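Given next are the chains, with one letter for each unit.
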Amino acid sequence: MIVCVAVVGHQNNPLYIQSFTEADDALKLHHIVHCSLDVVDERVNNPRKSGPTLNDTFLGLLYPTENYKVYGYLTNTKVKFILVTTDLDVRDADVRNFFRRFHSAYVDAVSNPFHVPGKKITSRTFAERVSTIVKSFGLSSAG
């Protein structure tokens, strides 16, 4: 089950953070998202030979915690997508599919002529689309 998704700007400023749990966990999830940015920067600035190449936008599992797994995705414009899930056995194909659909929703949201680049995403349509994507996570690998 997805418990949190986040969009973080290229200067590590939060553009959109949505948690799908009780309000008590929201602060903890925001902290997990913030901590994952260090791992993203480390992977991008120090690529391993066997790891993902610079052209690969899917960063994979950033780090597991006791209760959560954190996945990352980096767009060509250095905007980061963070996914926090409670599922311990998540398939990479499902996560890649989620990020592909999430990226599509993000592109549609920032393509709005009334959206100011670099500012928080406040679109209700984007929030509804994200909720739909989160609800359908893991149900089928077909997009």
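Our structure's up above, just so we're on the same page.
Since the model is a prediction, treat every value here as computed from it, not as a measurement. (Residues numbered from 1 in each chain as written. Predicted model: local features only at pLDDT ≥ 70, side-chain atom pairs only at ≥ 80, totals over all residues. Heavy atoms only, no water.)

Caption draft 1: Region of interest: the sheet that holds strand β1 (residues 2-8). Pairing within the open sheet is antiparallel, and its five strands lie in the order β2-β1-β5-β4-β3. Each edge of the open sheet carries a strand with a single partner, namely β2 (14-19) and β3 (58-64). Averaged over all neighbouring strand pairs, the angle between strand axes comes to 15 degrees, with direction disregarded. In this fold helix α2 (residues 92-110) packs onto β1, β2, β3, β4 (69-74) and β5 (80-85), with an angle of close to 135 degrees to the strand it touches most, β5. Contacts from helix α3 (residues 124-135) reach β1 and β2, with the element oriented near 135 degrees to β1. (Pairing = 2+ DSSP bridges. Helix = DSSP H or I, 4+ residues; strand = E, 2+ residues; numbered from the N terminus. Axes fitted to C-alpha atoms, helices over the stretch in contact; angles between N-to-C directions. Contact = heavy atoms within 4.5 Å.)

Caption draft 2: Layout of the pattern of salt bridges. In this structure the tally under the stated criterion is two salt bridges. A salt bridge links R91 to D94, with the nearest nitrogen and oxygen atoms 3.0 Å apart. A residue is classified by how much of its surface remains accessible, and D94, at 10% relative accessible area, is buried. Measuring nitrogen to oxygen at the nearest pair gives 2.4 Å for the salt bridge that ties R129 to D108. You can see R129 sitting in helix α3 and its partner D108 sitting in helix α2, a full 21 residues away along the chain. Here D108 falls in the partly exposed class, since its relative accessible area comes to 44%. (Salt bridge = Lys/Arg side-chain N within 4 Å of Asp/Glu carboxyl O. Buried < 20%, exposed > 50% of the residue type's maximum accessible area, 1.4 Å probe, protein only.)

Caption draft 3: Main features of the nonpolar core. Among the nonpolar cores identified, the biggest contains 25 residues, and V5, V7, F98, F99 and F126 are the most heavily contacted of them. At the level of elements, β1, β2, β4, β5, α2 and α3 are the ones that each hand at least two residues to this core. What F99 contacts, discounting residues up to four positions off in sequence, is F58, Y71, G72, Y73, F81, I82 and L83. (Core = buried A, V, L, I, M, F, W, Y, C linked by side-chain atoms within 4.5 Å.)

Caption draft 4: The arrangement of the pairing of β1 in detail. Counted residue by residue, β1 has seven buried out of seven residues, so it is predominantly covered. The sheet contact formed by β1 and β5 spans six bridges and is antiparallel. Residue I2 lies in a different strand from β5, and its bridge partner there is T85. Strand direction decides the pairing type here: β1 and β2, joined by five bridges, are antiparallel. Among the inter-strand pairings, A6 is bridged to a residue of β2, identified as I17.

Caption draft 5: Local environment of the packing of aromatic side chains. Inspection of the entire model under this criterion finds ten aromatic pairs. Ring centres 5.6 Å apart and planes at 65 degrees place the aromatic pair F98 and F99 in the edge-to-face group. Assigned by exposure class, F98 and F99 land together as buried. Among the aromatic residues, those joined into a ring-pair cluster are Y16, F58, Y73, F81, F98, F99, F102, Y106, F126 and F137. (Phe/Tyr/Trp six-rings, centres within 6.5 Å; stacked < 30°, edge-to-face > 60°.)

Caption draft 6: A look at the state of the cysteines. Applying the stated criterion across every chain, the model contains zero disulfides. This cysteine, C35, is not joined by any disulfide, and C4 carries the nearest cysteine sulfur, 12 Å off. Under the relative-accessibility criterion, C35 is labelled partly exposed at 28%. (Disulfide = S-S within 2.5 Å.)

Caption draft 7: Molecular detail of the environment of E66. Structurally, E66 can be placed in the loop between β3 and β4. A relative accessible area of 73% means that E66 is categorised as exposed. Taking the C-alpha atoms as reference points, E66 and L88, 22 residues apart in sequence, are found 9.7 Å from one another.

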